[in-house]
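The chain contents come next:
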Amino acid sequence: MQQQEMELVSIEALVPEKHLLRKVDLAVDFSFIRERVKHLYCEDNGRPALDPVVLFKLLLLGYLYGVRSERQLMREVEVNVAYRWFLGLRLRDKVPDASTLSQNRRRRFSESSIYQEIFDEIVLLAVNKGLASGTVLYTDSTHLKANANKNKYDLAQVQVKPQEYLAALEAAITEDRSEHGKKPLKPSEPEPETKEIKVSRTDKDSGYMVRDGKPKGFFYLDHRTVDGRHAIITDTHVTPANVHDSVPYLGRLDRQRERFRFDIRAVGVDAGYAAAAITQGLEERNIYGVIGYRTPTHRDGYFYTREYRYDEKLDVYICPNGQLLSYRTTNREGYRQYHSDPDQCRNCPVRQKCTQSSNSTKVVTRHVWESSKERADQHRLNRVGKRIYKRRKETVERSFADAKQLHGHRYARMRGLTRVQQQCLLAATAQNIKKIALMLSRNGEEDSLATLPALLNAYIGLVQRYQQISAANNQN
């Protein structure tokens, strides 16, 4: 009987004071959305539209609380007082229909950049509040299972897209050959390289993933970058799962520097980014790169690659038996070739562990940007590098774990690269909103990481000074 009694109560009184949505409402002003989408609405025709601020708040609620179904979200809003309060609905107001939400998303905003604009605005809010600086960034990727059957596919020949750094690599090859007294390579116009891939019949934008320790099938990759201070997500970019992690990396760093005016001093990434093109790109941008160790491939019964020592002054490799391997040429792929003397190799007592070539010649290759990779390897071993790399698992890996466990980020909710990109942007925005609201509610909390940027800047200055002195000594 008591449940049928009439009570005089306000919705404001029913929401607990420490509820997360109260903190979000206090920290973030969503009114900027209305102006950003104004051009997508007609002012004097048709029925009154659902307020875009309410619409995007609804979408963010679904990602904030991991509700994957829009129909289920509407049912939750009907009975959840805190959701109604956050949306500005009264207790007896009618909840928008799920189709209103989905059709606006599919039609009105399908080709709009509003998802990216909302994400960027939240990142700028974090920067203005001192929760992110862009001094140290961490990047990694995670897979989202595509809404596609892995057994239903067609084989197709696709053209391999040229890497963005090829022009810089060609210039480096020409310069390297010139320094060694070699003529520039003749210009060539090879036929476009193609490869055979599996294309899903259901979601053609997804990519078939085959990686060690990962499930096989059609997936997308969410390439995410987070700030090193409080793990605020500063970038999210989606590719098919058959795109390597390192391909979009430098371009996304440049995008963050331009959009948020970040002065990026250091980055931390895992071994998947251990490529000479990445380390060279980081050095050109004056960024201190700390990259995980990648175990090199090794053939049993043979010497390890590290046992062939490179002498930079003489520009030779020294084999385990003490023979000098001299420079021969630099090929089109950007690798210098160092050849041994076949007369010495024929009578070498350890030849069986070195080479079985018919011409009795050992060839060691070295990339023209290999020096930058070796310097990046040293970063991982010093004090600051160890401290930076340790934070990687506490930032970007933790961010992905929270996304999967709490925000429904294990599966692609929709099909198509554009829609999955929108999903990842909304998920990242929801995580950032939650992080900002919680951090701002902790007034006066001491930040143990505040000294890291200053320590890093001082150390990088010393490293750069040492490199300048070393370069001057080598020239002398």
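Predicted model, so just to flag it, every value in this text is computed and none were measured. (Residues numbered from 1 in each chain as written. Predicted model: local features only at pLDDT ≥ 70, side-chain atom pairs only at ≥ 80, totals over all residues. Heavy atoms only, no water.)

Asks: Quick question: what am I supposed to make of the state of the cysteines here?
Replies: Covalent bonding between the sulfur atoms of two cysteines defines a disulfide. Using the criterion set out here, one finds 0 disulfides in the structure. Distance from the sulfur of Cys354, which forms no disulfide, to the nearest cysteine sulfur (Cys345) is 6.0 Å. Judged by relative accessible area, which is 13%, Cys354 ranks as buried. (Disulfide = S-S within 2.5 Å. Buried < 20%, exposed > 50% of the residue type's maximum accessible area, 1.4 Å probe, protein only.)

Asks: What is the right way to read the sheet that holds strand β11 (residues 324-330) from this model?
Replies: Hydrogen bonds along the backbone pair up the strands of a sheet, which may run parallel or antiparallel. The strand order across the open sheet built from 5 strands is β9-β10-β11-β12-β13, with neighbouring strands paired in antiparallel fashion. Both outer strands of the open sheet, β9 (309-311) and β13 (363-367), are each paired with one neighbouring strand and no more. Geometrically, the sheet is characterised by an average inter-axis angle of 35° between neighbouring strands, direction not taken into account. By the bridge criterion, 2 bridges tie strand β10 (residues 316-318) to β11 in an arrangement that is antiparallel. Across the sheet, the residue bridging to Tyr317 is Leu325, located in β11. Helix α9 (residues 166-179) rests against β11, β12 (335-339) and β13 of the sheet, and its axis sits at about 125° to β11. (Pairing = 2+ DSSP bridges. Helix = DSSP H or I, 4+ residues; strand = E, 2+ residues; numbered from the N terminus. Axes fitted to C-alpha atoms, helices over the stretch in contact; angles between N-to-C directions. Contact = heavy atoms within 4.5 Å.)

Asks: I tried to follow the environment of Glu78 on my own but got confused; where do I start?
Replies: Along the chain, Glu78 turns up in helix α5 (residues 70-79). In this structure Glu78 comes out as partly exposed when scored by relative accessible area, which is 48%. Distance in space between the C-alpha atoms of Glu78 and Ser326 is 76 Å, their sequence separation being 248 residues. Residues contacting Glu78, with those up to four places away along its chain left out, are Arg84 and Val95.

Asks: What should I look at first to understand the side chain of Thr142 in this one?
Replies: Relative to the assigned elements, Thr142 resides in strand β1 (residues 136-145). Judged by relative accessible area, Thr142 falls into the buried class, the value being 9%. Only 3.1 Å separates the side chain of Thr142 from the side chain of Lys404, close enough to count as a polar contact. (Polar contact = N/O pair within 3.5 Å; in protein donor to acceptor, adjacent residues only side chain to side chain.)

Asks: Sorry, what's going on with the pattern of salt bridges here?
Replies: Pairing is possible between side chains that carry opposite charge, provided their charged atoms lie close to one another. As enumerated under the stated definition, the model contains 24 salt bridges in all. When the shortest N-O distance is used, the salt bridge between Asp235 and Arg252 registers 2.7 Å. Of this pair, Asp235 sits in strand β6 (residues 233-240) while Arg252 sits in helix α10 (residues 249-260); the two residues are 17 residues apart in sequence, bridging distant segments of the chain. Take Asp235: its relative accessible area is 1%, and that puts it in the buried class. Three or more residues joined by partner-sharing salt bridges are found here, namely Arg36, Glu117 and Glu121. (Salt bridge = Lys/Arg side-chain N within 4 Å of Asp/Glu carboxyl O.)

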